[in-house]
Each structure stands twice: as structure tokens, then as C-alpha cells.
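Take a look at the letters that make up each chain.
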Amino acid sequence: MGAIATHLLPANSAASEPFYGINAFYLLTESYRKAKENPQANLRQTIRKYLQDELGLARLRDRSKINAIRFLAGNNYPSDKRQTVKKGVNRPFHFDAMLWTTAQQMDRRVLDVLDAMMQSLAEMEFYIVPVLANYWIEYGGILRYLEWVSKIEREEWFDAYCNRKDEEYYLKYSLDFYTSPAIEKLFQTHIQPVLQVCRKYSQVAILDIMNEPRGKNRYSMENQKIENNLYSHQIVAQWLNRQASFVKRSLPKVNITTGEEGWLNSPIDLQLNYLKNESQYYEGIDLKTNLFAPNSTLTMGSIHMYTHEAVEFNKPNECGRRFRDRRGWDYLLQPDRPQTPESYVKMGEEWIKSRATVFGNKPWYLGEMGWCRCQSKTDRSPLPATVLQKERIPIYRNWAKQAFQLGAKGVFLWELAGITHRDEFYAMNLNQIIDVFPR
């Protein structure tokens, strides 16, 4: 596919065209690695070749309905290899494509790669959905900011990452992220260069403030107000809306959303047969409050869904430590329902239906959608990809159809397998994605 003028897909035309999207969260990291392999080569040609030919996005665009790509644009890996060989760890960290190498120092090369990547996506006629930051520790996350402003020590960050103590640290420190003026100022300083790149491309149709933000802490776990007489979800809503206001000044015509999963602080007035209709106050975030808080500046809602049984297996992290990677929202299934795939599919349908009632007159999109299943009750590892794919095709099509009927502007699958990044639970290759949404 040859170069196409970047004005052919203006973002404001998206209202009449549904987004059929794919997540490629790793895209900046792999693009950076490709550029690093041959630093003397033309950067934009290198990135274009990787995206179009090696990753196969041009073929995906030609042969499927996929017309949008969602990826992490604000990569804050903890540090590079020169800095992260920690005493007692047998192998170095292999983090790269880190936009900010320190709190104050940006790697211009990463920003250039991001620019080249977005230009190539625009030329292939994809709508672009950048995610400005990540909540989770795998890409730096909010704990990275806490380290940068000395709320936690670097050794604490490594301990959280290497020894899987991140949940403990989230409970202890997450409120500091949302209430620290120093962190908020730093966050806005860090996203500003990314916003400047986004301004160059009218194909930027949706922008997520953060991937899956939560305010989970000891107060939210007990559903208690905090010293300023606010609940955790109200504090998170205020923070998200302040960032949305900041982003809007640079990108006034782009839909700004939270990138959240869709947790609700209060049950909804709807009869549900599979999904538990109860408060999820413990997550410290509320979909409805975020969108309709006083003076809300968020223009679009977001939900994610992984409504399947618990699937897990042991694997090493970047530190070489083994841990149990567990996926799935099986705990949301009503206890009197059978533990069958059909029940979890129905639970997914009710997740979409229940969340769709919350958005009012605001547009929304299904930002992530994944289906997985374990080998057996004794072997919790995922089924082979070929078996899962056979199940995914009708499930994904059904969920997408339902979401669009209920007013969704887009449905994004999780996820396209990269060259070096592969999700053991949900990854699909090019042909599998085309089979789900053929043109």
C-alpha cells in the first residue's frame, strides 16, 4: 500500500464510521527496537517497513474491517540497561523505548519514532488511538511517577516489580499519585510532547488519558471517605477531568476518554442473570462519576472486558523471577450460575448491556475485549490458540454486534501479536484477526 495523503481520514468524520480496532500496546517499543537495529537508516522508511510489511498492518487494513489501532504512546519503562542491573539479580532488565529517561530528561529519539509510527499509520488509513500513560507497573505506571518525586525509593519500585509487590504498593501509595501537585505537574510536562505529535495527525480520533486507571487503596477497600471528605473514586474523577481539560487545550476536536475498564461504584437499576449487580467501590474508580462529575471535560466513555474464568500459569518476569500470571473476571459471575463457557459469554453480554446504560448522551467505545479459557479445572493454563480462535470468532462478533447496537462508536480486540511481544492469553496473528472481522 503506497503513501496516502494524511487528510483523507479526518477525525471528525469518525461519527459516521464505526471503529473496528485492534490493540497493539507494544507498538512503540517494537518500532523503537527496529530503528535501533540500524541507526544509520532512514527512520521513517524503517518504521514504515516494520509496520506495513513485517507486522503486516497494510494487509490487515486491506483484508479486514480493522480501521483503528490503539497503542501506548507514553512508555515509561523504569530505566535502561545501564541503570537497572540491580544487585542480586542475575540478568539485567531489558527495558527500552523509554520516553523519559529521568523525571526531567526526554529521549528525543523515542519521540521521533512515535512521530514516524503515527505517520505510517495515517498513510495506511488507520484511525489512531494513543494512550498517554499506564496505570500498571509493566510499562512504568503510576509507581514510576511516585519514584520520580521521591514518594517511594527506587529500590521500592524494583521490589514491587521484581517480587510482585505491586498490588501492595498500589494500596499503599495510589492516592499519592492522584493528590500530589508535583506529580500532576510532572505528568502534564511528560504528555505535552506526545500531544504535540498527536496534533500533526487528523487521524487521531480518540485519546485515552491512562490505561485502566484505578484508585484502589485502603480507604476504597473499606468504602470510607478520606480526610477531605471525598471518596477515592471522586478524587480519581477530579484528577482525570483535570487531565482531560489539559489535553483538550492541545486537541480540542479529539474525543478524550479515561481508558478505564468500567467499574461502577453503585449497582444499576437493571435485572441481570449472570453478572453480579453489586458495587465495585473497592476499585476506587467509578465510570459514571468520571463522565458526569461537575464540570466534566471527558467527552467519551471507555470500557474493557475479560469476562471469562480464571486462567493462569507461571512465567518469569524481566527480573528472572517466576510469578503466577492470572487473567479473567470469573469473580463477577453470580455464584448460582454454572461455571461454563456459556455462562461467561452471557456475563460478557450483560457487562456490555449494563455499562451502556451509564453513558447517557456521551459516546463510548469498547477499548479492550478478550476471551480465554483454561485447559481444565486442574490445569489452569490457556487452551491452544487454534481452539481459542474457534471460540473467539462467534464470541467477538456477537459482542461487537451487541456493543454497536447499544451505541458504541468502536470495538477494539486485544490483541495483535507483535514480533517480540506476544500475549500468551489473548494474542492473535494477522489471519486470526482477519477471520474475526473480514472485509
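Residues numbered from 1 in each chain as written. Predicted model: local features only at pLDDT ≥ 70, side-chain atom pairs only at ≥ 80, totals over all residues. Heavy atoms only, no water.

- The chain is annotated in an unreviewed UniProt entry as mannan endo-1,4-beta-mannosidase of Chroococcidiopsis cubana SAG 39.79.
- Of the chain, the UniProt comment under Catalytic activity (unreviewed entry) reads exactly: "Random hydrolysis of (1->4)-beta-D-mannosidic linkages in mannans, galactomannans and glucomannans."
- Its UniProt record, at the heading Subcellular location (unreviewed entry), says of the chain: "Secreted". (UniProt positions renumbered as here; feature names shortened; annotations may be inferred.)

So, the overall build of the chain
Here comes step 1: Regarding its fold elements, the chain presents 14 helices and 10 strands.
Here comes step 2: Against the compact-globule benchmark of 22 Å for 439 residues, the chain has a radius of gyration of 21 Å, which places it among compact chains.
Here comes step 3: Projected onto the principal axes, the alpha-carbon positions of the chain cover approximately 60 × 50 × 50 Å.
Here comes step 4: Sorting the 439 residues of the chain into buried and exposed places 61% on the buried side.
Here comes step 5: Long-range contacts, defined here as pairs at least 24 residues apart, represent 78% of the contacts in the chain between residues at least 6 apart.
Here comes step 6: Here the chain displays about 17800 Å² of accessible surface, and carbon together with sulfur accounts for 47% of that area.
Here comes step 7: Of the side-chain charges in the chain, 58 are positive and 50 negative, and the distance between the mean point of each set is 3 Å. (Helix = DSSP H or I, 4+ residues; strand = E, 2+ residues; numbered from the N terminus. Rg over C-alpha atoms; globule rule 2.2 N^0.38 Å. Buried < 20%, exposed > 50% of the residue type's maximum accessible area, 1.4 Å probe, protein only. Contact = heavy atoms within 4.5 Å. Areas by Shrake-Rupley, 256 points an atom, 1.4 Å probe, with all protein chains shown as cover. Lys, Arg positive; Asp, Glu negative; His and termini not counted. Charge placed at Lys NZ, Arg CZ, Asp CG, Glu CD.)

Looking at unusual backbone geometry
Here comes step 1: Here the amide bond leading from W414 into E415 is cis, since omega sits at -10°, within 30 degrees of zero.
Here comes step 2: Checked against the element boundaries, E415 lands in the loop between β10 (410-413) and α14 (430-436).
Here comes step 3: The backbone phi angle of E125 is positive, close to 70°, even though this residue is not glycine.
Here comes step 4: Looking at the secondary structure, you find E125 in the loop between α4 (108-123) and β3 (127-131).

Focus on the side chain of K315
Here comes step 1: If you trace the backbone, K315 turns up in strand β7 (residues 311-316).
Here comes step 2: Among the polar contacts made by the side chain of K315, one reaches the side chain of E424 at a distance of 3.1 Å.
Here comes step 3: Those residues within four positions of K315 in sequence are excluded, and the remaining contacts are R321, R322, F323, D325, R327 and E424. (Polar contact = N/O pair within 3.5 Å; in protein donor to acceptor, adjacent residues only side chain to side chain.)

A few points about helix α2 (residues 43-54)
Here comes step 1: Taking 1.5 Å per residue as the helical rise, α2 with its 12 residues ought to reach 16 Å, and the 15 Å between its terminal C-alpha atoms agrees with that figure.
Here comes step 2: For α2, the set of buried residues is L43, T46, I47, Y50, L51 and Q52.
Here comes step 3: For α2, the secondary structure elements touched by its buried residues are α1 (27-37), α3 (57-63) and α4.
Here comes step 4: N-cap assignment for α2: the residue whose side-chain oxygen lies 3.2 Å from the backbone N of R44 is N42. (Expected span 1.5 Å × (residues − 1).)

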